[in-house]
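Chain by chain, the residues run as shown.
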Amino acid sequence: MERREENRKSDEELLFMAYHHSQDLVRVFLDRTLTSRLGIRMLAMHHLALRDEKRVQDHIGIINTAMRPQSLIVKWCEFVQRMCQHKYTKKPTFKIVGNVNAVFPYIPIPLDYILPELLKNAARATIENNPGSCDEDIPPILITLANNNLDFIIRISDLGGGIPHELQDKVMMYNFSTAHDEDPDADKPLFQTMMDSVNPGMTRGPMHGFGFGLPTSRAYAEYLGGSLSVVSMQGHGTDVYLRLGHINGKLATFRI
Ligand SMILES: Nc1ncnc2c1ncn2[C@@H]1O[C@H](COP(=O)(O)OP(=O)(O)O)[C@@H](O)[C@H]1O
Ligand SMILES: [Mg+2]
């Protein structure tokens, strides 16, 4: 009798399990929805680009046959600096090291979503962790590029204090953000929030507040046959590793 009592789960335990179960369902649903949306968009843009009479140099459809990851990173660093200047009236510097001269064929579309999201997170953490410092005193964000015959890896290292232990498991959940309260769009419906946050363009998205940056970037990276991992050193900073396979490499990458 006592044993049966012991085996019965308490209401809190059941609630906890139900919460995690529904979180998993939401994650699987959104991962699939967002990646299939990315796939359809890539197919449509590829088709349109192939039919376009104006040929863009070094491009076959949406494939940039001579993509320089460094140029793409510089473009998005400058974008994030402009956002920071607007929001915080100061901006961090970015330093790019490693295989900076790497050139290979790739599709920039998913990177045009992932890179600004990761750079915005690093910039926000760095600025908010160094209150009162002027531009020169803000520790630079280090971006390391690695390229090999199978894949390429982009590591973004910031000195933004890291992700607190208690939030470590939550940052990859959709709609989790530590910035909700200050965001003017915080009470928008969830679906609207999701669509706004994944719609691309240079004028897109606020600095933070939707909680879609990390989970969507990871879903995109995994869809492309790669991975996104976040390594936090609490009290110091965060390293984010984006790993993607070459589209002309030996590894199987992705199918739309
Ligand atoms: N580099 C980082 N350093 C510290 N915290 C981070 C970093 N990247 C993400 N986070 C934390 O993870 C949360 C979720 O990030 P994200 O999914 O990009 O959503 P958002 O930026 O909209 O809050 C952020 O609110 C922040 O608390
Ligand atoms: Mg973000």
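Refer to the structure presented above.
Reference entry: report on the structure contained in this document. Keep in mind that this is a model prediction, so the values were computed, not measured. All residue numbers refer to position in the chain's written sequence, counted from 1. For naming, the first written chain is A and the first written ligand is 1, with later ones following in the order written. Two thresholds apply to this predicted model, a pLDDT of at least 70 for residue-level local features and 80 or more for giving and counting side-chain atom pairs, whereas whole-chain, interface and lining totals are computed over all residues.

Quick look at unusual backbone geometry
Of all residues except glycine, most have a negative phi; of all peptide bonds, most are trans. If you check the backbone angles, Asp-58 has positive phi at about 60° while not being a glycine. On the secondary structure map, Asp-58 appears in the loop between helix H2 (11-51) and strand S1 (59-60). Any residue with 12 or fewer other C-beta atoms within 10 Å of its own C-beta is exposed, any with 20 or more is buried, and the rest are partly exposed; the C-beta atoms used are placed from the backbone. Judged by the 13 C-beta atoms lying within 10 Å of it, Asp-58 falls in the partly exposed class. The backbone of Asn-175 shows a phi angle near 70°, a positive value even though the residue is not glycine. Residue Asn-175 is classed as partly exposed on the basis of its 15 C-beta neighbours within 10 Å. Helix and strand definitions follow DSSP, with helices as H or I runs of at least four residues and strands as E runs of at least two, each counted in order from the N terminus.

Quick word on the packing of helix H3 (residues 69-88) against helix H4 (residues 108-129)
Only the stretch in contact is used when a helix axis is fitted, and all axes are lines through C-alpha atoms; the angle between N-to-C directions ranges over 0 to 180 degrees. H4 packs onto H3 with a crossing angle of 40° between their chain directions and a minimal axis gap of 9 Å. The orientation of H3 relative to H4 falls into the category oblique. Seen along the crossing, H3 lies across H4 with a hand that is right-handed. In this structure, H3 contributes Leu-72, Ile-73, Trp-76, Cys-77, Phe-79, Val-80, Met-83, Cys-84 and Tyr-88 to the contact, and H4 contributes Pro-108, Leu-111, Leu-115, Pro-116, Leu-119, Lys-120, Ala-123 and Ile-127. The cut-offs work like this: below 35 degrees is roughly parallel, past 145 is roughly antiparallel, 65 to 115 is roughly perpendicular, and the gaps in between are oblique. Left-handed describes a crossing in which the near helix is turned anticlockwise from the far one by less than a right angle; the clockwise case is right-handed. The contact rule is simple: place each C-beta atom from the backbone, and if two of them lie within 7 Å, those residues are in contact.

Thoughts on H2
How far a helix is expected to stretch is found by multiplying one less than its residue total by 1.5 Å. With 41 residues, H2 should reach 60 Å at 1.5 Å per residue; the first-to-last C-alpha distance of 60 Å fits that figure. Among the 41 residues that make up H2, 2 are buried, leaving the element largely open to the surroundings.

Quick notes on the environment of Val-231
Mapped onto the secondary structure, Val-231 falls in strand S7 (residues 227-233). For Val-231, a count of 13 C-beta atoms within 10 Å gives the class partly exposed. With 63 residues separating them in the primary sequence, Val-231 and Gln-168 have C-alpha atoms 9.3 Å apart.

Re the site of ligand 1
By definition, a residue lies near a molecule or strand provided its backbone-derived C-beta atom is within 6 Å of it. Around ligand 1, the surrounding shell holds 20 residues, and the nearest of these are Asn-121, Ala-125, Ser-177, Thr-178 and Gly-213. Those elements that place two or more of their residues in the shell around ligand 1 are H4 and helix H6 (213-223). Of all the elements, H4 adds the most residues to the shell around ligand 1, at 4 residues. Residues are grouped as follows: nonpolar covers Ala, Val, Leu, Ile, Met, Phe, Trp, Tyr, Cys and Pro; charged covers Asp, Glu, Lys and Arg; every other residue, Gly included, is treated as polar. Considered class by class, the residues forming the shell around ligand 1 number 9 nonpolar, 9 polar and 2 charged.

Some remarks on the sheet that holds S7
The strand order across the open sheet built from 5 strands is S3-S5-S6-S8-S7, with neighbouring strands paired in mixed fashion. Every interior strand has two partners, whereas the edge strands, strand S3 (94-98) and S7, have only one. The sheet shows a mean angle of 15° between the axes of neighbouring strands, taken without regard to direction. Pairing between strands requires that DSSP locate at least two bridges from one strand to the other. Where strand S5 (residues 141-147) and strand S6 (residues 151-158) come together, 6 bridges link them in antiparallel fashion.

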